[in-house]
Amino acid sequence: MSPIPADTQALMERRARVLGPAYRLFYETPLHPVRGEGAWLYDADGTRYLDAYNNVASVGHCHPHVVEAIARQAGVLNTHTRYLHEGVLDYAERLLATMPPELAHAMFTCTGSEANDLAMRIARSHTKADGLIVTRFAYHGVTSAIAVASPSLGKFVQLGDNVRTVPAPDSYRIAPAQMGAVFASGVREAIADLKAHGMRPAALMVDTVFSSDGIFTDPPGFMAEAVDAVREAGGLFIADEVQAGLGRSGDSFWGFQRHGVLPDMVTMGKPLGAGHPLAGLAVQPEVLAAFGRECRYFNTFGGNPVSMAAGMAVLDVIEREGLVASAQRVGNYLRGRITELAGRHALIGDVRGAGLFTGVELVTDRAAKTPATAQTVRIVNGLRERGVLLSATGEHANTLKIRPPMVFTETHADLLVDTLDTALAAL
Ligand code: PMP
């Protein structure tokens, strides 16, 4: 590792002084980007980095069409959902049109955490139950109700009394034909345990690519049996699409569609506004009915005209630039090339994913599938030193998480793979 430059060190110290101790930076030598364009970030010295990590910049950093839409609406009006405005209706209709017709209402928030928090309030109203089932290393957000259902925050954030975790559907360790049954049996055990403690499930909430658990996308369809199990017990199925959604998985617009399941609610966030804070949920009307009767919902910034303009512009770009099809094509190309690398580097145990969401699990022993946690940290930092940005995920932080802006091309993929090859060789 090269020494941390003095100006970076000064910024880190200032940050710690002002923001306090709860924030964490990426990388041993933190990055200080000052400008972004497409799939590139530029640091204060003008050095460029290939961004293979930021799904928030879904249609690329600072896409001119999105920037222009935000600026134009900001120059006309920005209010909120207690006034009539076409913007929120136009966007809601267009977003809902990407989903099965049963998901007929949309509600807007500013963050994915708020969307999940609201989804749980709606689930409780509808089911009159309280239990929440999530995967063992899930991340769903930061509100009090949702942080206690986000075990990946670490052992100091205790799970809620109403929360049960189930093993993630680990496609590297479970045979494809068994995936559905194994995942569902975890859900049934969780339901039984809730019952033993006098509770019923309000919902099963899953990130449909299991991104914090280690990225498990295949075989398509493995989710169905678990969804049936929670419904049999009176609970709802909430698809958290904050990571998977908006075309990233390539073969469908939403992650749940790959699995052929119909959620009661779909929560969304990160990529919707391509950097502008825009999130929300889609819900089946009969599921929302009780909450709507009992309660009003107003989120000051959720659904404001500027956010709606940003969301519209992002959908324009995805359509015009054919980004769903290219996510599929480039993602397959990328995984194909990394799989070739596995022939030369024994550390690569598994290459998996869908569209532009790829996991590369690193192991010290392929037969035993032993997590190569220490090596993974070195690879992530080695890539950063060589100008490629990505991160690691999973309970053992031994799976490279590759999740670039959707404008990522085969040329970008080649650069990533060649740099990964060099970083692996340098270990
Ligand atoms: N759900 C998932 C699957 C996420 O990955 C995240 C954010 N990493 C959230 C919810 C929370 O979103 P936000 O940070 O916008 O609150």
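Residues numbered from 1 in each chain as written. Predicted model: local features only at pLDDT ≥ 70, side-chain atom pairs only at ≥ 80, totals over all residues. Heavy atoms only, no water.

On to helix α3 (residues 86-96), then. Within the sequence span of α3, burial applies to Gly 87, Val 88, Tyr 91, Ala 92, Leu 95 and Leu 96. All buried residues of α3 project into a common sector of 145° when viewed along the axis, lining one side. Exposed and oriented more than 90 degrees from the buried face of α3 are Glu 86 and Glu 93. Among the structural elements, β4 (105-109), β9 (265-268), β10 (279-283) and α10 (305-320) are those in contact with the buried residues of α3. (Buried < 20%, exposed > 50% of the residue type's maximum accessible area, 1.4 Å probe, protein only. Helix = DSSP H or I, 4+ residues; strand = E, 2+ residues; numbered from the N terminus. Arc of directions from axis to C-beta. Contact = heavy atoms within 4.5 Å.)

A separate point is the site of the ligand. The environment of the ligand is formed by Thr 111, Gly 112, Ser 113, Asn 116, Tyr 139, His 140, Gly 141, Asp 207, Asp 240, Val 242, Gln 243 and Lys 270. Note that an oxygen atom of the ligand is positioned 2.9 Å from one of the backbone N or O atoms of Gly 112. Lys 270 is positioned with one of its side-chain polar atoms (N or O) 3.2 Å from a nitrogen atom of the ligand. For the ligand, the accessible surface in isolation is 390 Å², of which the surrounding protein chains cover 82%. Broken down by element, the shell around the ligand gets its largest block of residues, three residues, from helix α4 (residues 112-127). A breakdown of the residues in the shell around the ligand according to their chemical character gives two nonpolar, seven polar and three charged. (Near = heavy atom within 4 Å. Polar contact = N/O pair within 3.5 Å; in protein donor to acceptor, adjacent residues only side chain to side chain. Areas by Shrake-Rupley, 256 points an atom, 1.4 Å probe, with all protein chains shown as cover. Nonpolar A, V, L, I, M, F, W, Y, C, P; charged D, E, K, R; others polar.)

Split by domain assignment, the protein chain resolves into domain 1 (31-59 + 323-426) and domain 2 (65-320). The C-alpha-based centres of domain 1 and domain 2 are spaced at 26 Å. Domain 1 puts 33 residues into the contact, and the matching count from domain 2 is 33 residues. Taking both sides of the interface into account, the surface hidden between domain 1 and domain 2 amounts to around 2600 Å²; carbon and sulfur atoms contribute 58%. Joining domain 1 to domain 2, the criterion identifies two salt bridges. Across the pair Glu 395 and Arg 136 runs a salt bridge whose closest N-O atoms are separated by 3.4 Å. In this structure, the connection of domain 1 to domain 2 is made through 20 residue pairs in polar contact (both at pLDDT 80 or more). For the side of domain 1 that touches domain 2, the secondary structure elements donating two or more residues are α11 (323-342), β11 (348-354), β12 (357-365) and β16 (399-402). (Domains from an automatic or database assignment. Buried area = accessible area lost by both parts, 1.4 Å probe. Salt bridge = Lys/Arg side-chain N within 4 Å of Asp/Glu carboxyl O.)

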